[in-house]
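# Architecture and fold: a report
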Amino acid sequence: MNISFLRSSLLEGIQHSTVLPLRDGSIVKGTIQKFFKGDIALVSINGQSIVAKLERSLSVSRPYYFEIDIKDDLPSLKVVGEEAGDKNVQNILQALGTRGKKEERLAAFLLSKNIPFSKEFLTIIAKETSPSFPSSEKKAVETMIARNFTPSKSIFQALKSLGDASLALLFNELTTLANREGYGEELVKFKGAFRLTKGREVLSHLVKGWLKGNIPFRILHQTGAIEKRILEQQALVNLSPKGEEAEEITAMKKTLLNNLPNIEKTPFFHQMVENIEKNPNLRGKFTQEGTSLFINEEGKEVLTEVNKLLQTSFQSKEFQRILSTLFSSLGLTYESELKGESSGEGLKGALLKMLEQPLPPLLRERAEEMVHKLTALQLLSSDEGQGPITSLYVQFPLYVREKLTEVSLQWKGKKREDGTIDPNYCHILFHLELSYLQETVVSVRVQNRAIIIDIINEHPDIKSIMESLKPSLRLGLSELDYYLSDIKVFASKDKASSLAQVSHSGYKGVDLKI
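This report concerns the structure included in the present document. By convention here, each chain's residues receive numbers from 1 onward along its written sequence. Residues qualify for local features only when their pLDDT is at least 70, as the model is predicted, and side-chain atom pairs are given and counted only at 80 or more; totals for whole chains, interfaces and linings, by contrast, use all residues. Note that the side-chain values use all heavy atoms of the structure and ignore hydrogens as well as water.

## Considerations on the overall build of the chain
Each helix is a run of DSSP H or I of at least 4 residues and each strand a run of E of at least 2, with the numbering of both proceeding from the N terminus. Secondary structure assignment for the chain yields 21 helices and 11 strands. Scored against the burial criterion, the 514 residues of the chain give a buried share of 48%. Pairs of residues are marked as contacts when any of their non-hydrogen atoms sit within 4.5 Å. Of the contacts made within the chain by residues no fewer than 6 positions apart, 59% connect residues no fewer than 24 positions apart. Exposure classes here rest on a 1.4 Å probe applied to the protein chains alone. A residue is buried below 20% of its type maximum, exposed above 50%, and partly exposed in between.

Right, here's the structure in full:
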């Protein structure tokens, strides 16, 4: 299968997930179905039938291009074109009082797709398009209109960026450039945030036990969390949020113990998380033979807790927390944080601060690209203005067993009358590249709490893997008051395409025990 194909299919589902809206001033293609008295007619526009007033006599069943005026209760339709081809586009532009090669090219594209557009949209967006008008720009245009986004340069650039390099590849290039140019500390903490492991929790237990004096500092050396060349006093200084000068070790431990939440935000702590997660035999470091490393009974309790963390799988509530953390780490809640609605700084906020500084040209270019992508994901992960049926889309980089991959998630479902999501009816599509199973798509359809799961994967072992997981999956869903109706496995790219066209979104991965 092909990553770019599937990402494109997911975006197609977002673009066409709603009926294209008809707005005042829009140019639309319509056909007269039936006449009433007083120049009133039933007109078919984009699959919708509306009653409207016509400004002159027209023929039934013949297609026309209209400009809509809906200031009054009864919409009025003004004919701006009748013929197909370049001449018709020029006539429409003339009727709108605008001209230009870019405007003509954009109008021709929109007319060919039967997409309603206004003069405002045409004049603002046309000047932002490039001469080649690539597919990424076309998809951005379609998404803007389908999702009723305000026509602006910033929104167009953001949505266009989704058709460029994948988020994971861009993040990897950006962090590499930042390290090379001396800005690595700005971004290192996010590499840890995008890991689906328990390293952070393990390290939190170890650091807390060390600061309390229950376990020795050398355990952090032996697990690989801290390089052996770094001594205890230097580690304490590095973990200090304000970078205080070194003082007596016991006093520093006491100070840091009272400031644990801020310790976990320091670049040094994030580097420790990354180091400990690279340890291929982390669980082996906490075998029963290792109890001699702990100096008292409280230390042995830390060992027990760490072992539990390493031996248990992710639970549903924990996984929900992880997803929420991923959203926050990307900075998809950045504007809310500025308003004081939440705390913490995500990748977007860190990049915007970085862009305020003088940067090498290539690093600035990649940072701006990432900001555009994150802005687009903010737009597509919002259900504002979508009505009773809502469709959301998000991507995020994820380290799975040290392999950087990209998760694409699309969700479509119903809203309740109070505006909340109805968990009984939704359609989810989740796409991930796994180290063992390779490219995997999971479709989850929920109808009245009955669940049908389709898995698209070409690995020869996938069917046997799913058969072995089916009993535990059925049990887990039943505990959440859902019923597993069926699981089907497919190897066809055509199946993936049809799933994307239906449009859905969700989250599961068969390389991970959830």
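## Looking at unusual backbone geometry
Of note in the backbone geometry, Phe133 takes a positive phi value of approximately 45° without being a glycine. Mapped onto the elements, Phe133 comes out in the loop between helix H4 (119–126) and helix H5 (135–146). The backbone of Asn148 sits at a positive phi, close to 60°, despite the residue not being glycine. In this fold, Asn148 is placed in the loop between H5 and helix H6 (153–161). Overall, the relative accessible area of 46% leaves Asn148 in the partly exposed class.

## A few points about the pairing of strand E2 (residues 40–45)
Summarising the sheet, strand E1 (residues 27–35) and E2 pair through 5 bridges and their orientation is antiparallel. Its bridge partner lying in E2, Phe35 is registered against Ala41. Linking E1 back to E2 in an antiparallel pair, the connection comprises 4 residues, with Gly38 at a positive phi of about 70°. Pairing analysis gives 6 bridges linking E2 to strand E3 (residues 48–54), with the strands arranged antiparallel. Note that in E3 the partner of Ile40 across the bridge is Lys53. Between E2 and the antiparallel strand that follows it, E3, lie 2 residues; Asn46 among them carries a positive phi value of about 50°. Here, strands pair whenever DSSP counts at least two bridges between them.

## Describing the nonpolar core
The biggest cluster of nonpolar side chains holds 85 residues, and the ones touching the most others in it are Phe117 and Leu351. In terms of residue count, the dominant contributor to this core is helix H19 (residues 361–380) (9 residues). When sequence neighbours within four positions are dropped, the list of residues in contact with Phe117 reads Gly25, Ser26, Ile27, Leu96, Ala107, Leu110, Leu111, Leu122 and Ile145. Nine residue types can take part in a nonpolar core, namely buried Ala, Val, Leu, Ile, Met, Phe, Trp, Tyr and Cys, and a core is a set of them joined through side-chain atoms within 4.5 Å. One finds Val207, Trp210, Ile226 and Ala235 within the second-largest nonpolar core, a separate group that totals 27 residues.

## Notes on the environment of Lys348
With respect to the element layout, Lys348 can be found in helix H18 (residues 347–355). Judged by relative accessible area, Lys348 falls into the buried class, the value being 5%. Between the alpha carbons of Lys348 and Leu374 there is a distance of 6.7 Å; along the sequence they are 26 residues apart.

## Structural notes on the packing of H5 against H6
In this description, a line fitted to the C-alpha atoms serves as the axis of each element, helices being fitted only across the stretch in contact, and the angle between N-to-C directions of two axes falls anywhere from 0 to 180 degrees. Direction vectors running N to C along H5 and H6 enclose 120°, while the axes themselves pass 8 Å from each other. One finds that H5 runs oblique with respect to H6. Of the two elements, H5 crosses H6, and the hand of that crossing is right-handed. Where H5 abuts H6, its residues Ser136, Glu137, Ala140, Val141, Thr143 and Met144 lie against Ile155, Phe156, Leu159 and Lys160. Looking at the contact of H5 with H6, its residues break down into 6 nonpolar, 2 polar and 2 charged. These descriptions rest on fixed angle ranges, namely under 35 degrees for roughly parallel, over 145 for roughly antiparallel, 65 to 115 for roughly perpendicular, and the rest for oblique. In this scheme the crossing of two helices becomes right-handed for a clockwise turn of the near helix relative to the far one and left-handed for an anticlockwise turn of less than a right angle. Residue polarity is assigned by list, with Asp, Glu, Lys and Arg as charged and Ala, Val, Leu, Ile, Met, Phe, Trp, Tyr, Cys and Pro as nonpolar; anything else, Gly included, falls into the polar class.

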